[in-house]
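Residue strings, one per chain:
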Amino acid sequence: MLLGGDAALLVFRRLLAASWRGPRCCCFSPRSLGARSPPPAHGNRAGVRRRLLLGGSSADKMPAKRPFERLPADVTPENYALCLKPDLIDFTFEGKLEASVEVRQATNQIVMNCADIDIITASYVPEGGEEINATGFNYQNEDEKVTLSFPSALQKGHGTLKIDFVGELNDKMKGFYRSKYTTPMGEIHYAAVSQFEPTDARRAFPCWDEPAIKATFDITLIVPKDRVALSNMNMTERNPYPDDEDMVEVKFAKSPIMSTYLVAFVVGEYDFVETKSSDGILVRVYTPTGKADQGKFALEVAAKTLPFYKEYFNVPYPLPKIDLIAIADFAAGAMENWGLVTYRETALLIDPKNSCSSSRQWVALVVGHELAHQWFGNLVTMEWWTHLWLNEGFASWIEYLCVDHCFPEYDIWTQFVSADYTRALELDALDSSHPIEVTVGHPAEVDEIFDAISYSKGASVIRMLHNYIGDEDFRKGMNCYLTKFQNKNAATEDLWSCLEEASGKPINAVMSSWTKQMGFPLIYAEEKQQGVDRVLKISQKKFCASGPFSGSDCPHWMVPISICTSEDVSCDNMKVLLDQPEMTITVKNVKPDQWIKLNPGTVGFCRVQYSPTMLESLLPSIRNLALPPVDRLGLQNDLFSLARAGIIGTVEVMKVMEAFVTEPNYTVWSDLSCNLGTLSTLLSHTDFHEEMQEFAVDLFSHIGHKLGWDPKHGEGHLDALLRGLVLGKLGKAGHQPTIEEARRRFKDHVEGKHVLSADLRSPVYLTVLKHGDATTLDTMLKLHNQADLQEEKVRIERLLGAISHPDLIQKVLTFAMSEEVRPQDTVFVLGGVSGGSLMGRKAAWKFVKDNWEELYNRYQGGFLISRLIKLSVEGFAGDKMAADVKSFFETHPAPAAERTIQQSCENILLNGAWLKRDAEAIQQFLLHRRGALPTV
């Protein structure tokens, strides 16, 4: 599953990079960087860390684990024959289940998962025996279980469990739920849709809803005859329903053995486009009625992706078909149901004329992610949710491999570093982070680990592992794993064993240090010349966002480290495994005027701090572009992070940022822009925020002038992304020529004189809103109302918060909760307000508190609540705000977001410490810089 929260969060951050990003920081000073363990010159960082969680450690503050027992193993399913009849008017459904089961030991009760379902009758028919009616149903609502009691013991052997039941087509975007859509005729209709991961199949039918309890499925749906009915497998029969001439009975082929969370069914009105992949698999993309053309891009990607994965894994796709379908109301980004992958519309549909380049790239990545799960997750499934990271981390890595194969012009691996790698480092530097592998007991705990650690850190350490092993041995190991465990369940260690066998390297020992403990190392490097060789001394210490690690028992990692020199930046001169606190290495034949760089490609999951002389020798390679883009990005990002931690000074990193003024690469600019956005958000708490905007304008003006507003002959995908990023940054920061041109183009767009290209809409909308008035907002809301493409609606929704007037901010907040905004997108409208300005942040937080009950009920405590909290509060700074957030959630508990609340409070405190430490120096730097600039 790809989280809508995370997926959208990345796009959202890019859109608002001019002013908002999750807390991160930047700065650099060759002199201060040289200190091995810099003294706490800017205040008591240990004291800051003690306050980070407002009075205790992460472990102290995590809620007590709820008591939980997995289902008993005395009765297990072998096949579910399931018939469902949804009512799309009354929003209920009827169900009949005949489950072939094995009674493994005599028992007079059967315990299953069941939630929000009323069982009408239940009975058990032993093989060759008489039917035994259940005498009672005992619902354990908190544990989402039901116990069926029988008058006598069911004996060992096989039999059939029969259950008739009814349920509700809820509006919570989980279980079997209703999704509202508008037909081409303007009528409101509803679809019946399933979303079961992690633990919501039990809301559609009584079942053994644990990933290790696999069975086959025979699905039958009774639906209106004018509706499309889909499930995991291909349809085998579609017959009139004898009890109602307006209904049909649709039967699907028997599925392979699979987990309940992968079962899927959809009933609604859809068009589709189809093709066959080169290996003969029928591929269909289902779209809203009348929008089949918008499915063609995803169809092309899917048709290329299936054969790519078949070849890469050397395992064929095991089903006869794959359907990809766009769902109107959908909490996640997409879900990998076997053979029937469900998506948000914005993660699947591409309008040839009105979709921007970043949307195409996003659809390609999401398709690559979900189709990877058809093997890694569906064919071989995690044994329990503790191993969720393996599913999601792997898919989040290989989606980039897939897109690189399909679209090499995207330079997608450089984008991985900015989108996933640095994001994971941010979160994992917190005291309130968690290991990749988290022991999960009660399913209520699962939502907490659908986060950047499971996805982005998981992907990053797999990328590091792939680099360490090499592609050939990695593929051999993957084939061994998928072949050995196909149609079964596996744990993390099973993958390590297969990769170890294929590579002959100590994979389990290396990777356990990354998955079983949280955090990552700061690698400190210093050097000296020894004849014709360079002697390099490297050491590792845990990196903490609050400053140098000061504990007595410092963890360490087994870190694969590559080393390159200026002689050949594309070649790893040597690779070492840093498996101890420090190590001395001799790099042969390095001349005194050559530099050495650690972690070329920014592959190792670590931060690197160079001695002053090493850093000074590297910096010219930023200006002259001798370092590859991914290394320029990584160097800047490390320095920024070191500054936020107080290890170096922010002003010095701002000086390094100035060296990027001639930078040509989109992804480098994107990361730099995000860091500037973080700094801008921090300084919004000061009275010199305007000077920071001037700094941003100065930095981006050169590249903005070079790019201009209109594409030039020969430009490609990355140029389009860069133009949108730069113009949005300049416009939001107050660059007057950009504002004027954006207003002119916006006026022409609204009047129909010259429609804005899709790639220019975000920067233009952002600019005119930021510097607009009530008329601008009304015009934008009118465009939103007229938009037929969901991408356009979402684009507008997420930028509305840029508006600056208090009354208009309130209007946007009210709009966020209206029927005009789909429930899953409300979170990001509110987040846009919070990211737009300090005034907006305060208003959004008050709005969230005032409307908490409705918001919490809307999302039922799922992962969207975590995203809402993060977006609403992380831009604040200081003890007072951290205490306010903590106090609110003590009286308004959100168990699934408990860790997010801690992380948000920690970030608010870190922002406060950062501001206290460096604000004065930043102000002096900006004022001096303003005075030194020539006046025009």
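Residues numbered from 1 in each chain as written. Predicted model: local features only at pLDDT ≥ 70, side-chain atom pairs only at ≥ 80, totals over all residues. Heavy atoms only, no water.

Engineer: Please explain the overall build of the chain as it appears in this structure.
Structural biologist: Of the regular secondary structure elements, the chain holds 30 helices and 29 strands. Over its C-alpha atoms the chain spans a radius of gyration of 28 Å, differing by no more than 12% from the 30 Å that the globule rule assigns to 936 residues. Expressed along its principal axes, the backbone C-alpha trace of the chain runs to roughly 90 × 65 × 55 Å. Counting every atom, the chain has about 33,000 Å² of accessible surface; 51% of that belongs to carbon and sulfur. The averaged location of the 120 negative side-chain charges in the chain is 6 Å from the averaged location of its 97 positive side-chain charges. (Helix = DSSP H or I, 4+ residues; strand = E, 2+ residues; numbered from the N terminus. Rg over C-alpha atoms; globule rule 2.2 N^0.38 Å. Areas by Shrake-Rupley, 256 points an atom, 1.4 Å probe, with all protein chains shown as cover. Lys, Arg positive; Asp, Glu negative; His and termini not counted. Charge placed at Lys NZ, Arg CZ, Asp CG, Glu CD.)

Engineer: Even after reading the chapter, I still don't get the packing of aromatic side chains, so can you show me in this structure?
Structural biologist: Two descriptors summarise a pair of aromatic rings, namely the distance from one centre to the other and the angle between the planes of the rings. For the structure shown, the criterion picks out 48 aromatic pairs. Here the basic side chain of Arg284 rests over the ring of Phe272, its NZ or CZ set 4.0 Å away from the ring centre. Sitting over the face of the ring of Phe407, Lys304 holds its NZ or CZ atom 5.4 Å from the ring centroid. (Phe/Tyr/Trp six-rings, centres within 6.5 Å; stacked < 30°, edge-to-face > 60°. Lys NZ or Arg CZ within 6 Å of the ring centre and 35° of its normal.)

Engineer: Please clarify how the pairing of strand β7 (residues 145-154) should be interpreted in this entry.
Structural biologist: As paired strands, strand β3 (residues 107-113) and β7 are joined by six bridges and run antiparallel to one another. Bridging from a neighbouring strand, Val111 pairs with Thr147 of β7. For strand β6 (residues 136-140) and β7, the ladder comprises five bridges, and the chain directions are antiparallel. Residue pairing in the sheet places Tyr139 in a bridge with Val146 of β7. Counting the residues that bridge the hairpin from β6 to β7 gives four residues, and of these Glu144 lies at a positive phi of roughly 55°. (Pairing = 2+ DSSP bridges.)

Engineer: Is there a simple way to think about the sheet that holds strand β13 (residues 235-240) in this case?
Structural biologist: Strand order across the open sheet formed by eight strands is β5-β4-β8-β2-β1-β11-β14-β13, with mixed pairing between neighbours. Both edges of this open sheet fall to β5 (132-133) and β13, since each of them pairs with a single strand only. Summarising the sheet, strand β2 (residues 92-103) and strand β8 (residues 157-168) pair through 12 bridges and their orientation is antiparallel. In the sheet register, Lys96 faces β8, and the bridge partner there is Asp164.

Engineer: Sorry if this is basic, but what is going on with the side chain of Arg841 here?
Structural biologist: Looking at the secondary structure, you find Arg841 in helix α26 (residues 838-850). The buried charged residue Arg841 lacks any salt bridge, with Glu874 as its nearest oppositely charged partner at 10 Å. Setting aside anything within four residues of it in sequence, one finds Arg841 in contact with Thr681, Ser684, His685, Val833, Ser834, Ser872, Gly875 and Phe876. (Buried < 20%, exposed > 50% of the residue type's maximum accessible area, 1.4 Å probe, protein only. Salt bridge = Lys/Arg side-chain N within 4 Å of Asp/Glu carboxyl O. Contact = heavy atoms within 4.5 Å.)

Engineer: Even after reading the chapter, I still don't get helix α10 (residues 471-485), so can you show me in this structure?
Structural biologist: In an α-helix, one turn spans 3.6 residues; hence positions three or four apart end up facing the same way. Helix length check: α10 (15 residues) gives 21 Å between terminal C-alpha atoms against 21 Å at 1.5 Å per residue, within 8%. Where α10 is buried, its residues contact α5 (296-313), β21 (380-382), α7 (388-406), α9 (453-469), β22 (488-490) and α11 (492-503). Where α10 ends, the next residue or the one after it, Asn487, has phi of about 65°, a positive value. (Expected span 1.5 Å × (residues − 1).)

Engineer: Could you clarify how one ought to interpret helix α12 (residues 507-515) in this entry?
Structural biologist: A large share of α12 lies buried, amounting to seven of its nine residues. Ile507, Val510, Met511, Ser512, Ser513, Trp514 and Thr515 are the residues of α12 that are buried. Buried-residue contacts for α12 involve α7, α9, α11, β23 (521-530), β25 (559-565) and β26 (574-578).

Engineer: Would you mind going over the confidence of the model for the chain with me for this structure?
Structural biologist: Caution applies to low-pLDDT regions: their predicted coordinates should not be interpreted in detail. Confidence in the prediction for the chain averages 91 pLDDT; 92% of positions are at 70 or higher. Of the regions scoring below 50 in pLDDT, residues 5-63 engages in 221 contacts with residues more than four places distant in sequence or in other chains. (pLDDT = per-residue confidence, 0-100.)

Engineer: Explain the pattern of salt bridges here, please?
Structural biologist: Pairing is possible between side chains of opposite charge, provided their charged atoms come close. Under the criterion given, the structure shown has 53 salt bridges. Residue Lys254 pairs with Asp218 through a salt bridge whose shortest N-O separation is 2.7 Å. Placement of the pair is Lys254 in the loop between β14 (247-252) and β15 (265-268) and Asp218 in strand β11 (residues 216-224), with a sequence separation of 36 residues. With its nearest N and O atoms 3.4 Å apart, the salt bridge here joins Glu792 to Arg761. With Glu792 in helix α23 (residues 790-797) and Arg761 in helix α21 (residues 758-770), this residue pair connects regions lying 31 residues apart in the sequence.

Engineer: I'm lost on the packing of α21 against α23 in this one. Help?
Structural biologist: Two numbers describe how α21 lies on α23: the axes approach to 10 Å, and their chain directions differ by 20°. The angle between α21 and α23 places the two elements in the roughly parallel class. Note on packing geometry: the crossing formed by α21 with α23 is right-handed. For the pair α21 and α23, the contacting residues are Ala758, Arg761, Ser762 and Tyr765 in the first and Glu792, Arg795 and Ile796 in the second. (Axes fitted to C-alpha atoms, helices over the stretch in contact; angles between N-to-C directions. Parallel < 35°, antiparallel > 145°, perpendicular 65-115°, else oblique. Left-handed = near helix turned anticlockwise from the far one by under 90°.)

Engineer: Just checking my understanding: could you explain the pairing of strand β27 (residues 582-587) for this structure?
Structural biologist: Consecutive side chains of a regular strand alternate in pointing toward one face of the sheet and then the other. Burial along β27 is one-sided: the residues Met583, Ile585 and Val587 are buried and none of Glu582, Thr584 and Thr586 is. The sheet contact formed by strand β24 (residues 533-542) and β27 spans six bridges and is antiparallel. Bridge pairing in β27 places Leu536 opposite Ile585.

Engineer: Would you mind going over the state of the cysteines with me for this structure?
Structural biologist: Among covalent bonds in proteins, the disulfide is the one between the sulfur atoms of two cysteines. If you walk through the whole model with that rule in mind, you get zero disulfides. Cys674 supplies the cysteine sulfur nearest to Cys356, a cysteine that is in no disulfide, at a spacing of 16 Å. Using a relative accessible area of 8% as the deciding quantity, one classes Cys356 as buried. (Disulfide = S-S within 2.5 Å.)

Engineer: How should the sheet that holds strand β9 (residues 175-182) be read in this particular structure?
Structural biologist: Backbone hydrogen bonds hold the strands of a sheet together, and the pairing may be parallel or antiparallel. If you walk across this open sheet you meet the four strands as β9-β10-β15-β12, and the pairing is antiparallel. A strand with exactly one partner marks an edge of an open sheet, and here the two such strands are β9 and β12 (228-231). With strand direction ignored, the average angle separating the axes of adjacent strands in the sheet is 15°. Here β9 pairs with strand β10 (residues 188-195) via eight bridges, running antiparallel. Bridge pairing in β10 links Tyr177 to Val193.

Engineer: It is not clear to me how the environment of His369 should be interpreted in this structure. Could you clarify?
Structural biologist: By secondary structure assignment, the location of His369 is in helix α6 (residues 357-373). In this structure, the C-alpha to C-alpha distance between His369 and Ala334, residues 35 residues apart in sequence, is 9.0 Å.

Engineer: Hey, could you run me through the environment of Leu88 in this one?
Structural biologist: Positionally, Leu88 belongs in the loop between β1 (75-87) and β2. Sequence-wise, Leu88 and Arg360 are 272 residues apart; in three dimensions their C-alpha atoms are separated by 33 Å.

Engineer: Got a minute to help me understand the environment of Leu871 in this structure?
Structural biologist: Its location among the elements puts Leu871 in helix α28 (residues 863-873). Between the alpha carbons of Leu871 and Gly634 there is a distance of 25 Å; along the sequence they are 237 residues apart.

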